[in-house]
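Analysis of the macromolecular model
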Amino acid sequence: MMRKEYMVKDISLASEGKKRMEWAENSMPVLRTIRKEFKKKKPLKGVRVGACLHVTTETANLILTLKAAGASIRLAASNPLSTQDEVASALVKYHNLEVFAKKGENNKEYYYALDKVMEFSPQLLIDDGADLISLAHCRNFKVFGATEETTTGVIRLRALDKQGKLKFPVVAVNDAYTKYLFDNRYGTGQSTIDGILRATNMLLAAKVFVVAGYGWCGRGLALRARGMGAKVIVTEVNPVRALEAYMDGFQVMDMKSAVKYGDVFVTVTGNKSIIRKEHFLKMKDGAILANAGHFNVEIDIPGLKSLSVTTRRVRPWVDEYKLKNGKKIYLLGEGRLINLVSAEGHPSQVMDMSFSNQALCLVHIYKNRNKLEKKVYSVPPEIDSRVARLKLKTLNIKIDTLTPEQKKYLSSWEEGT
Ligand code: ADE
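I will try to describe carefully the structure that is included in this document. Keep in mind it's a predicted model, so treat the numbers as computed, not measured.

Residues Lys36, Lys40, Lys41 and Lys367 make up a contiguous surface patch of positive charge. Ranked by residues supplied to the positive patch, first place goes to helix H2 (residues 29–41) with three residues. By secondary structure assignment, the location of lysine 41 is in helix H2. Owing to a relative accessible area of 61%, lysine 41 belongs among the exposed residues under this scheme.

Rendered as structure tokens:
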């Protein structure tokens, strides 16, 4: 029988992808528990789900969980360089899923894939970066609701909500405690270092490592860079966060000053032009630049090109820019999320919680589709704490519970002693 061909790079990679998906699944016990429950109850029976996510082994396990819930799914990549081609192929070949994703897709292919998801007339959306939700808005396309995975996407959607232009309810999965405290902090922290090391094979000990942005991702990255023996400088625009970075023991300064010292620079701000022309010109010869924010706008790449006399690829995902002033600057991963371009993204152990929130929130939206308003919602606290409890259980960790006396003490105001 002819199998339908979707936009994947090479179907012969599928058996490799299958094994990798199983490896990830071993470290996703919470999602496995939820999948088991979904398989019995089928809470998304017959529902069409459109997904725009990094196509990784962890995402594959989320997609299989939604399939077990009875949903039919179409999946596109949320970044042109993050797709694990063997995973995309395995989802098509072994699970008969509709996947439109290949590593290295161009801008046209990226939007073609999103179009294909919309052509499927999804009733629920899962997004990472808000490109799919944004497309649905441009086309006036109504769905029951959507979930958003990442900080950048949530920022975009809150802006839309503030202007009163949101056309359906969205749950900000990023803002669950069981998401950002682990995925953003420890996931980004570790996987960004992993991406830089796989791309460069450099020694981090004693290097000056500049982290731009001290949100949850930046906090994790600074922590892990210090753990590898680097001397870490943090740049920030928010005075409270800057102070926190200082008290956490990092050097804090503006980018203009940091460029004189840095050996490695990583942007994790969610904003644009964090490192720009005036900075490139003052950098040390051989400086290495990478980005771990969602979009490739944090480093001004057109600006870097305009200052350069030559560019060449010197290793996979390492581009050398020779400036007119004779210095060389190395840009990793074309300025895209380095943890997903040259490494494999956040480890399964943290994605287990992020994607369990995703699965439970989609069911929550579907169940409450007639009640929810057109606004950005937080993850219901009962979902967040359920995910935490399940994770603790799988880790074999017992915690205390409040005694009736303690509960009473907490809910009364008279008794001080
Ligand atoms: N975002 C960061 N890491 C990821 C992963 N491993 N899978 C899906 N999305 C991610």
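Take the side chain of threonine 147 next. Here threonine 147 shows up in strand E5 (residues 145–148). Judged by its relative accessible area of 0%, threonine 147 falls in the buried class. Those residues in contact with threonine 147, other than ones at most four positions away along the chain, are Leu125, Ile126, Asp127, Ile133, Val171, Val173, Gln358, Cys361, Leu362 and Ile365.

This part is about the side chain of threonine 192. Residue position: threonine 192 is located in helix H8 (residues 177–200). Owing to a relative accessible area of 0%, threonine 192 belongs among the buried residues under this scheme. Contact partners of threonine 192, with chain neighbours within four places excluded, come to Leu221, Val266, Ala292, Ile338 and Asn339.

With that out of the way, let us pick up the site of the ligand. Every residue close to the ligand is listed here: His54, Thr56, Glu58, Thr59, Leu340, Glu344, Gly345, His346, Met351 and Phe355. Between a nitrogen atom of the ligand and a side-chain N or O atom of threonine 56, the distance comes to 2.7 Å. One of the backbone N or O atoms of histidine 346 is found 2.8 Å from a nitrogen atom in the ligand. Considering the ligand on its own, with 260 Å² of exposed area, one finds that the protein chains cover 95% of that surface. Those elements that provide at least two residues to the shell around the ligand are helix H3 (57–68) and helix H15 (348–367). By residue class, the composition of the shell around the ligand is three nonpolar, five polar and two charged.

How two aromatic rings sit relative to each other is given by the distance of their centres and the angle of their planes. Counted by the stated rule, this structure contains five aromatic pairs. Pairing tyrosine 110 with tyrosine 111 gives two aromatic rings, centres 5.0 Å apart and planes at 85°, and the pair type is edge-to-face. With a centroid separation of 6.0 Å and 65° between ring planes, the pair formed by tyrosine 214 and phenylalanine 250 is classed as edge-to-face. In this pair, tyrosine 214 sits in the loop between strand E7 (208–212) and helix H9 (216–227) while phenylalanine 250 sits in the loop between helix H10 (239–247) and strand E9 (251–252), placing the two residues 36 residues apart along the sequence. Across this residue pair, the class does not change: tyrosine 214 and phenylalanine 250 are buried. Here the aromatic cluster, defined as three or more aromatic residues joined through ring pairs, consists of Tyr177, Tyr180 and Trp216. The lysine or arginine in question, arginine 369, covers the ring of phenylalanine 144, its NZ or CZ lying 5.4 Å from the ring centre.

This part covers the nonpolar core. With 78 residues, the main nonpolar core has Leu44, Val49, Leu66, Leu91 and Val99 as its most contacted residues. A total of 10 residues in this core trace back to one element, the largest contributor, which is H15. Core analysis: the second largest hydrophobic core is formed by 27 residues, Ile193, Cys217, Val268 and Ala292 among them.

Turning our eyes to something else, we now look at helix H5 (residues 107–119). Taking 1.5 Å of rise per residue, the 13 residues of H5 would be expected to cover 18 Å, and the 18 Å separating its terminal C-alpha atoms lies within 8% of that figure. Turning to H5, its buried residues are Tyr110, Ala113, Leu114, Lys116, Val117 and Met118. Put simply, asparagine 106 is the residue that caps the front of H5, since its side-chain oxygen is 3.1 Å from the backbone nitrogen of lysine 108. Positioned one or two residues after H5, serine 121 has a phi angle of 55°, which is positive.

Our next topic: the sheet that holds strand E15 (residues 376–378). By definition, the strands of a sheet pair up through backbone hydrogen bonds, in either a parallel or an antiparallel sense. An order of E3-E2-E1-E4-E5-E6-E15 is seen for the seven strands of this open sheet, with the pairing classed as parallel. Edge positions in the sheet fall to strand E3 (98–100) and E15, since each has one partner strand and no second. Pairwise comparison of adjacent strand axes, ignoring direction, gives a mean angle of 20° for this sheet. Sitting on the sheet, H5 touches strand E1 (48–53), strand E2 (72–77) and E3, and the angle it makes with E2 is about 165°. Across the face of the sheet, helix H6 (residues 131–138) comes into contact with E1, strand E4 (124–127), E5 and strand E6 (170–172) while running at roughly 135° to E4.

Counting through the fold element by element, glycine 345 comes out in the loop between helix H14 (338–341) and H15. Its relative accessible area of 9% is what places glycine 345 among the buried residues. Separated by 263 residues in the primary sequence, glycine 345 and serine 82 place their C-alpha atoms 8.2 Å from one another. What glycine 345 contacts, discounting residues up to four positions off in sequence, is Ser191, Asn339 and Leu340.

Cut-off values and rules
Residues numbered from 1 in each chain as written. Predicted model: local features only at pLDDT ≥ 70, side-chain atom pairs only at ≥ 80, totals over all residues. Heavy atoms only, no water. Patch = residues over 30% accessible without salt bridge, like charges linked within 9 Å, V, L, I, M, F, W, Y side chains within 5 Å. Areas by Shrake-Rupley, 256 points an atom, 1.4 Å probe, with all protein chains shown as cover. Salt bridge = Lys/Arg side-chain N within 4 Å of Asp/Glu carboxyl O. Lys, Arg positive; Asp, Glu negative; His and termini not counted. Charge placed at Lys NZ, Arg CZ, Asp CG, Glu CD. Helix = DSSP H or I, 4+ residues; strand = E, 2+ residues; numbered from the N terminus. Buried < 20%, exposed > 50% of the residue type's maximum accessible area, 1.4 Å probe, protein only. Contact = heavy atoms within 4.5 Å. Near = heavy atom within 4 Å. Polar contact = N/O pair within 3.5 Å; in protein donor to acceptor, adjacent residues only side chain to side chain. Nonpolar A, V, L, I, M, F, W, Y, C, P; charged D, E, K, R; others polar. Phe/Tyr/Trp six-rings, centres within 6.5 Å; stacked < 30°, edge-to-face > 60°. Lys NZ or Arg CZ within 6 Å of the ring centre and 35° of its normal. Core = buried A, V, L, I, M, F, W, Y, C linked by side-chain atoms within 4.5 Å. Expected span 1.5 Å × (residues − 1). Pairing = 2+ DSSP bridges. Axes fitted to C-alpha atoms, helices over the stretch in contact; angles between N-to-C directions.

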